[in-house]
Amino acid sequence: MSYETLEIAMDGPVRNVRLNRPDVRNAFNGVVVDELTKAFKEADEDDSTRAVLLSGNGKSFSAGADLAWMKEQAGLPHAENAAGADYMARMFLAIARCKKPVVARVHGHALGGGSGLTAAADVAICTEGCLFGLTEVKLGIVPAVISPFVLQKIGAGRARTLFLTGERFDGREAQRIGLVHRAVAEDQLDEAVKATVKELLSAGPAAVASAKELIRSVADLSLEDAIPVTSKWIADLRATDEAKEGFTAFLEKRKPGWMS
Ligand code: COA
């Protein structure tokens, strides 16, 4: 599929998905929502893709929802307005539920929905000076569709300050509160992203996908209720061909087949 607002390129097993509306700081409109959703579905279905790297061209990762588009949506009949909002929410879901691990490379600004894209990724790495913010209240709205993704990363307590004040904060603070995994100096960003991608590629592909599902399945269970789920999980997983290869490779002091 060809894209108008994204650049997609394979780098070996890594699918690079770059937001490409630099003139509006990669703000997302309906076309971006549609294309990003499709790009992540494509990543799901493509066996040669082992990781997805989400980044933005130009000065900023993303300035969030395109406000001209938001205004347009607001003027639609309510049912169409609601359907558009549902579709936008499902874009974030497509990222969070992607079967392949998603790394976000975040620079410049990640405001509103840009912070949402950061939260929807599995691993986000940003520059220390990058500016984040759940700035929606400054515009008279709320970070509604991104809230479940952001809450999973920063928790309700921190959200009570950040959703209500809409204050901006830098990459160091984003790391401190768990919105990103690491904040690094600008000239270290690509190296840090590369190091994380290398870690992901050295892991068993089915195990990585299973780890994502495991978190989803266990996060809300009590310790007692988790036991039947987690014990079955490891019993099933350790009997797979991938696990057998992982154990055997370790014992034979060689790299597993998925690393060759
Ligand atoms: N929607 C639509 N257009 C946007 C946009 C958005 N979210 N963010 C930036 N733009 C546009 C600007 O209107 C400007 O257009 P112009 O060149 O036609 O004037 C262009 O992108 C560049 O933005 P500008 O503000 O001049 O760049 P900057 O580098 O000084 O600042 C930001 C960048 C991201 C800090 C600033 O644009 C901003 O605060 N954007 C809004 C972010 C926001 O509140 N997002 C939440 C949305 S729910």
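Residues numbered from 1 in each chain as written. Predicted model: local features only at pLDDT ≥ 70, side-chain atom pairs only at ≥ 80, totals over all residues. Heavy atoms only, no water.

A. Just the site of the ligand, in detail. Not every one of the 16 residues close to the ligand is listed here, only the nearest: R25, K59, A63, A65 and L67. Contact between the ligand and D23: an oxygen atom at 3.2 Å from a main-chain N or O atom of the residue. Contacts to the ligand include K59, whose side-chain N or O atom sits 2.9 Å from an oxygen atom. Protein burial of the ligand: of its 860 Å² of free accessible surface, 61% is covered by the chains. Class assignment for the residues of the shell around the ligand results in seven nonpolar, three polar and six charged. (Near = heavy atom within 4 Å. Polar contact = N/O pair within 3.5 Å; in protein donor to acceptor, adjacent residues only side chain to side chain. Areas by Shrake-Rupley, 256 points an atom, 1.4 Å probe, with all protein chains shown as cover. Nonpolar A, V, L, I, M, F, W, Y, C, P; charged D, E, K, R; others polar.)

B. Geometry of the sheet that holds strand 9 (residues 182-184). With mixed pairing, six strands are arranged side by side in an open sheet as 1-2-3-4-6-9. With one partner strand each, in any of the chains shown, strand 1 (6-11) and strand 9 form the two edges of the open sheet. Averaged over neighbouring strand pairs, the angle between their axes works out to 20 degrees when direction is ignored. The strands touched by helix 1 (residues 30-45) are strand 1, strand 2 (14-19), strand 3 (51-56) and strand 4 (102-106); relative to strand 2, the strand with the most contacts, the crossing angle is about 175 degrees. (Pairing = 2+ DSSP bridges. Helix = DSSP H or I, 4+ residues; strand = E, 2+ residues; numbered from the N terminus. Axes fitted to C-alpha atoms, helices over the stretch in contact; angles between N-to-C directions. Contact = heavy atoms within 4.5 Å.)

C. Up close: the domain arrangement of the protein chain. Looking at the assigned domains, one finds that the protein chain contains domain 1 (6-201) and domain 2 (205-259). Computed over C-alpha atoms only, the centres of domain 1 and domain 2 are separated by 28 Å. With twelve residues of domain 1 at the contact, the number on the domain 2 side is seven residues. At the boundary of domain 1 with domain 2, total buried surface from both sides reaches about 610 Å², with 49% on carbon and sulfur atoms. The largest per-residue losses of area from domain 1 upon contact with domain 2 belong to R50, R97 and K99, which jointly make up 57% of the total buried on that side. (Domains from an automatic or database assignment. Buried area = accessible area lost by both parts, 1.4 Å probe.)

D. The arrangement of helix 5 (residues 147-165) in detail. In this model, helix 5 (19 residues) spans only 15 Å end to end at C-alpha, well below the 27 Å of a helix rising 1.5 Å per residue. The sharpest bend along helix 5 measures roughly 105 degrees and falls at G155. Within the span of helix 5, buried status applies to S147, F149, V150, I154, A159, L162 and F163. Packing partners of the buried residues in helix 5 comprise helix 3 (78-96), helix 4 (113-120) and strand 8 (168-170). Residue G166 follows helix 5 closely and has a positive phi angle near 65 degrees. (Expected span 1.5 Å × (residues − 1). Bend = angle between axes of the 7 residues up to and from the residue. Buried < 20%, exposed > 50% of the residue type's maximum accessible area, 1.4 Å probe, protein only.)

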